[in-house]
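The primary structure of each chain is shown beneath.
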Amino acid sequence: VQLVESGGGLVQPGGSLRLSCAASGFTFSNYAMKWYRQAPGKERELVATITSAGRSTNYADSVKGRFTISRDNTKNTVYLQMNKLKPEDTAVYYCQVALRVVIWGQGTQVTVSS
């Protein structure tokens, strides 16, 4: 079982990034997927959730209206489109799935700075 994030980087405030998380080793389409983030010195926080078929999503208040979670079950991939980025969005972003155990990816760094 593996989750591999990609798409992070350095972006200016107001810019956009699209994160991807490629899953393998389990039946991706059967499970809800989540994106978390952890900023330096802070606890890891839940950013967005998407149900197994992608019909329902939820967001942290801090990202509502700016971030969009989506998935492609034919590609075993979940995405996080991040628009109107702010310096406070700077963090390591992780995808997560709860199987019998919780599986985390290795994370991808997002830095929002001018």
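Look up a bit, the structure's there.
Residues numbered from 1 in each chain as written. Predicted model: local features only at pLDDT ≥ 70, side-chain atom pairs only at ≥ 80, totals over all residues. Heavy atoms only, no water.

A. Examining the pattern of salt bridges more closely. Summed over the entire model, instances satisfying the criterion amount to four salt bridges. Of the charged contacts in the structure, one is a salt bridge between glutamate 45 and arginine 37, with a shortest N-O distance of 2.6 Å. In this structure glutamate 45 comes out as partly exposed when scored by relative accessible area, which is 33%. The class of arginine 37 is buried, set by a relative accessible area of 5%. The network of salt bridges with shared partners includes Arg37, Glu45, Arg66 and Asp89. (Salt bridge = Lys/Arg side-chain N within 4 Å of Asp/Glu carboxyl O. Buried < 20%, exposed > 50% of the residue type's maximum accessible area, 1.4 Å probe, protein only.)

B. Looking closely at the state of the cysteines. Applying the stated criterion to the full structure yields one disulfide. Between cysteine 21 and cysteine 95 runs a disulfide, and the two sulfur atoms are separated by 2.0 Å. An S-S torsion of about 60° defines the bridge between cysteine 21 and cysteine 95 as right-handed. Linking cysteine 21 in strand β3 (residues 17-24) with cysteine 95 in strand β9 (residues 91-98), this pair joins segments that are 74 residues apart in sequence. For cysteine 21, a relative accessible area of 0% gives the class buried. (Disulfide = S-S within 2.5 Å. Helix = DSSP H or I, 4+ residues; strand = E, 2+ residues; numbered from the N terminus.)

C. Highlighting the side chain of serine 20. Position of serine 20 among the secondary structure elements: in strand β3. Leave out the neighbours within four places in its chain, and serine 20 touches Val4, Glu5, Ser6, Trp35, Thr77, Val78 and Tyr79. (Contact = heavy atoms within 4.5 Å.)

D. Structural context of the layout of surface pockets. For the largest pocket, the calculated volume is near 150 Å³. As for the largest pocket, its lining consists of Arg37, Gln38, Ala39, Lys42, Glu43, Glu45, Ser62, Arg66, Lys86, Glu88 and Ala91. The residue inventory of the lining of the largest pocket, partitioned by class, reads two nonpolar, two polar and seven charged. (1 Å grid on protein atoms, 1.4 Å probe; cavity = no way out; pocket = protein on both sides within 12 Å on 5 of 7 lines; lining within 4 Å. Points joined across faces, edges and corners; volume = space filled by probe spheres on them. Nonpolar A, V, L, I, M, F, W, Y, C, P; charged D, E, K, R; others polar.)

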